[in-house]
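# Results of the structural survey
One-letter residues, chain by chain:
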Amino acid sequence: MAHGKKTHHPDTRLTTSGRNPEANFGIVNPPVYHASTVIFPTVEALHKAEEHKFSQTFYGRYGTPTTFAFQDAVADLEGAEFCIALPSGMAAIAVALIANCKAGDHVLITDGAYAPTLVFARTILKKFGIDITVYHPMIGADIKDLMQPNTRMVFTEAPSSITFEVSDISAIAKVAHAAGALLAMDNTWSAGYYFKPFDHGVDISIQAATKYIVGHSDAMLGTVTMNDEKLWKKARITAGALGHAAAPDDCYLGLRGLRTLAVRLPRHQSTGLKLAKWLAQRAEVDVVLHPALDSCPGHEIWKRDFTGASGLFSVVLKEGFDQTAIARMLDNMDLFAMGYSWGGYESLIIPADPGSSRKAYDWPHKGQTLRIHAGLEDPDDLIKDLEAGLNRLTS
Ligand SMILES: *Cc1c(COP(=O)(O)O)cnc(C)c1O
């Protein structure tokens, strides 16, 4: 019941997975169950419930039926057995790392990781005696040169945050597994819709469900997904011990978002591509970093491994526009708003500075980087907004 029927198309399963109307008075959507206390009629029932506390109601921190419904649906989306809902994407990243690494271990992390992931690794993991090496996102099978006898986990993200290099996940998985290490991946960009991590050797997939799964910029939510029951239990115990409980209202919003993922993402994709191609022929633009364009490092890998592109990409402007010009462009946008996060229905634009954060390689571009999220507005309205903005650079 929990997972969609395997014989159905994945888009069909997005509309059915996690539902259980029979248990909810025939109501289509699993309702929001708020709970701390769950009560038991007998000592025997109490002990029995404790044995199954990770997948049935036992105590609010381990989830309510709303949490379980959301987890089942995300597991089904990513092609896995198990999922844990967490209060944010960052909580999901932290749980995946802490659950599997201990003092004395070594972790390899892509330089293209979401910046707070690297902050977490360099502060919290280091503090607890876990050693970190940052690797180039295009390293591929050469990652074997960085493996150490104590490498416990390789952490990857594709495409990279801000810079959009597409890593060769399968090649990295082979090397990691040959060395007895786990491969964890931040799969937020594809939403688990355009990249199926477990078909490419990933052991643990993480998403900031805050982005496309919630899809409406109104909740913080994270997921950790896996097929291996032992990995699931470890992560579940860690999440509980850290005190993480995703709020049932937010799980409800995540589940509601999932129901329309299969219509929203293709629209984000087509608008994003239209904007990216339009930007690529503008005189102000040096390079467009969109995995579906061959100007993006790893484009060939994206073509091989991904079935589509979401709406997030970057553009690097030519050199010579000073910060006053950039502000003239960005401060006066009509539809594109400036703000963090992405994956909602609205278009966003932010200035970024990969040159200051990349450690494993020198960022090759000198001009201003702008990260763009293509929302669900009319694409021609968005192009007009970008056109006026680019014109302001020189006016
Ligand atoms: C936003 C983001 C996160 C963090 O998610 P939060 O829900 O904001 O904590 C993690 N990874 C990627 C790639 C993100 O874009």
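Residues numbered from 1 in each chain as written. Predicted model: local features only at pLDDT ≥ 70, side-chain atom pairs only at ≥ 80, totals over all residues. Heavy atoms only, no water.

### Points about the side chain of Thr210
Here Thr210 lies in the loop between β6 (204-208) and β7 (222-226). Setting aside residues up to four positions removed in sequence, Thr210 forms contacts with Gly89, Gly215, Ala219, Met220, Leu221, Ser341 and Trp342. (Helix = DSSP H or I, 4+ residues; strand = E, 2+ residues; numbered from the N terminus. Contact = heavy atoms within 4.5 Å.)

### What about the layout of surface pockets?
If a probe as big as a water molecule is rolled over the atoms, it shows which places are left empty. Taken as a whole, the largest pocket spans an internal volume of roughly 750 Å³. Along the walls of the largest pocket sit 38 residues, with Tyr114, Ala115, Pro116, Ser161 and Arg371 positioned nearest its centre. At the level of elements, α4 (89-100), α5 (115-127), β10 (348-352) and α12 (354-357) are the ones that each hand at least two residues to the lining of the largest pocket. Here the lining of the largest pocket takes five residues from α5, the largest share from any one element. Viewed by domain, the lining of the largest pocket spans two of them, domain 1 (10-257) and domain 2 (262-393), each represented by three or more residues. (1 Å grid on protein atoms, 1.4 Å probe; cavity = no way out; pocket = protein on both sides within 12 Å on 5 of 7 lines; lining within 4 Å. Points joined across faces, edges and corners; volume = space filled by probe spheres on them. Domains from an automatic or database assignment.)

### Observations concerning empty space enclosed by the protein
With the rule as written, the count across this model stands at one cavity of 30 Å³ or more. Each pocket or cavity is described by its volume, and for the largest cavity that value is around 50 Å³. What lines the largest cavity is a set of 13 residues, and nearest its centre among them are Arg61, Ala85, Arg236, Ala245 and Ala246. Breaking the lining of the largest cavity down by element, the ones donating at least two residues are β1 (82-86) and α7 (229-241). If you tally residues by element for the lining of the largest cavity, the top one is β1, at three residues. Classifying every residue of the lining of the largest cavity gives seven nonpolar, four polar and two charged. (Nonpolar A, V, L, I, M, F, W, Y, C, P; charged D, E, K, R; others polar.)

### Things to note about the site of the ligand
The local shell around the ligand holds 14 residues, among which Gly89, Met90, Asp186, Thr210 and Lys211 are the closest. Note that an oxygen atom of the ligand is positioned 2.7 Å from one of the backbone N or O atoms of Gly89. Note that an oxygen atom of the ligand is positioned 2.8 Å from one of the backbone N or O atoms of Met90. Isolated, the ligand exposes 380 Å² of accessible area, and the fraction of that covered by the protein chains is 92%. (Near = heavy atom within 4 Å. Polar contact = N/O pair within 3.5 Å; in protein donor to acceptor, adjacent residues only side chain to side chain. Areas by Shrake-Rupley, 256 points an atom, 1.4 Å probe, with all protein chains shown as cover.)

### Some details on the sheet that holds β10
Sheet architecture is open: four strands sit in the order β8-β9-β11-β10, paired in antiparallel fashion. The open sheet is flanked by β8 (285-289) and β10, the only strands paired with a single partner. Across the sheet, the mean angle from the axis of one strand to that of its neighbour is 25°, orientation sign disregarded. Of the strands in this sheet, β8, β9 (312-317) and β11 (369-373) are in contact with helix α9 (residues 261-280), which crosses β9 at around 10°. (Pairing = 2+ DSSP bridges. Axes fitted to C-alpha atoms, helices over the stretch in contact; angles between N-to-C directions.)

### Remarks on the state of the cysteines
Applying the stated criterion to the full structure yields zero disulfides. Counting only cysteine sulfurs, Cys83 is the nearest neighbor of Cys251, a cysteine outside any disulfide, at a range of 9.0 Å. What makes Cys251 buried here is its relative accessible area of 0%. (Disulfide = S-S within 2.5 Å. Buried < 20%, exposed > 50% of the residue type's maximum accessible area, 1.4 Å probe, protein only.)

### With respect to the nonpolar core
By size, the foremost hydrophobic cluster in this structure holds 85 residues, and its most contacted members are Phe70, Leu258 and Leu279. For this core, the element with the most residues is α9, which contributes eight residues. Mapped onto the domain boundaries, this core takes at least three residues apiece from domain 1 (10-257) and domain 2 (262-393). With 38 residues, the next largest nonpolar core counts Tyr62, Ile109, Ala121 and Ala239 among its residues. (Core = buried A, V, L, I, M, F, W, Y, C linked by side-chain atoms within 4.5 Å.)

### Section: the domain arrangement of the protein chain
As a measure of interface size, the accessible area lost when the parts come together is often cited. Under the domain assignment, the protein chain is made up of domain 1 (10-257) and domain 2 (262-393). One C-alpha centre belongs to domain 1, the other to domain 2; they are set 27 Å apart. Domain 1 puts 39 residues into the contact, and the matching count from domain 2 is 41 residues. Summing both sides of the interface, domain 1 and domain 2 together bury roughly 3300 Å²; the carbon and sulfur share of this comes to 62%. Contact with domain 2 buries surface across domain 1, with Trp189, Tyr194 and Tyr212 losing the most and accounting together for 27% of the total. (Buried area = accessible area lost by both parts, 1.4 Å probe.)

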